[in-house]
Amino acid sequence: GRALAEGGPVDIWISQGEDPAADDVQVPSGLVGKSESEVQEALMAAGLEPKKGGEEASDDVDKGDVVSVDPGEGETVNEGDVVTYIVSSGPDTESVPDIKGDSTDEATSRLDERGFGMYIESYDYSDDVPEGCIISYNPSGKQEPGTTINVVVSLGPDPAQQEPRRQQRCRRLGRHRRGAQLG
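No experiment lies behind these values; they were computed from the predicted model shown.

A. Summary view of the pattern of salt bridges. In this structure the tally under the stated criterion is four salt bridges. Here Glu36 and Lys52 are joined by a salt bridge, their closest N and O atoms 4.0 Å apart. Of this pair, Glu36 sits in helix H1 (residues 36-45) while Lys52 sits in strand S2 (residues 49-56), and the two are 16 residues apart along the sequence. Among the salt bridges present, the one from Lys52 reaches Glu55, with a minimum N-O distance of 3.8 Å. The network of salt bridges with shared partners includes Glu36, Lys52 and Glu55.

What follows is the structure, encoded as structure tokens:
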């Protein structure tokens, strides 16, 4: 403090107590896992101001539903306070490996390592992809773990489209008489 001159003026401020407009309220329970609109409605009904704080990946909460709130559920806050909520962007995604040209065993193993399943959608002929290897697959890019990747497996070249091969014949190595016994 400071020393004041005796008999000098002194300003005194007297508190009237807490602001009556700032009543204590609790952040509602059961917000996590609800839709964004349901959370906004519940927070406004409790006299709080909802604010979206972004998105984060979640394996447990569906895409578009609320993952967390801050301050947390059940905490006591002042009426009118901001409660920030985070929305699920869905499960983490993983890149589907390029399995074109892989054998079905190789493709199954590589997909399994990343959490994907594989389904042989069809078989097709291919002049470029050896028999038993993957011609194409979908979906590609980033996918949720557990996604089934559909594949088309090569049957090798189409025999109906192959140029006819000349039949190989034995060559005569010498002159033999008709009816001659060889050997």
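B. Summary view of the side chain of Ser88. In this fold, Ser88 is placed in strand S5 (residues 82-88). Look at Ser88 and you get buried, because its relative accessible area is 1%. Of the polar contacts made by the side chain of Ser88, one reaches the backbone oxygen of Val61; its length is 2.8 Å. One polar contact links the side chain of Ser88 to the main-chain amide nitrogen of Gly90, over a distance of 2.9 Å. For Ser88, the contacting residues outside a window of four places in its chain are Glu56, Ser58, Val61, Asp62, Lys63, Gly64, Asp65 and Val67.

Conventions we followed
Residues numbered from 1 in each chain as written. Predicted model: local features only at pLDDT ≥ 70, side-chain atom pairs only at ≥ 80, totals over all residues. Heavy atoms only, no water. Salt bridge = Lys/Arg side-chain N within 4 Å of Asp/Glu carboxyl O. Helix = DSSP H or I, 4+ residues; strand = E, 2+ residues; numbered from the N terminus. Buried < 20%, exposed > 50% of the residue type's maximum accessible area, 1.4 Å probe, protein only. Polar contact = N/O pair within 3.5 Å; in protein donor to acceptor, adjacent residues only side chain to side chain. Contact = heavy atoms within 4.5 Å.

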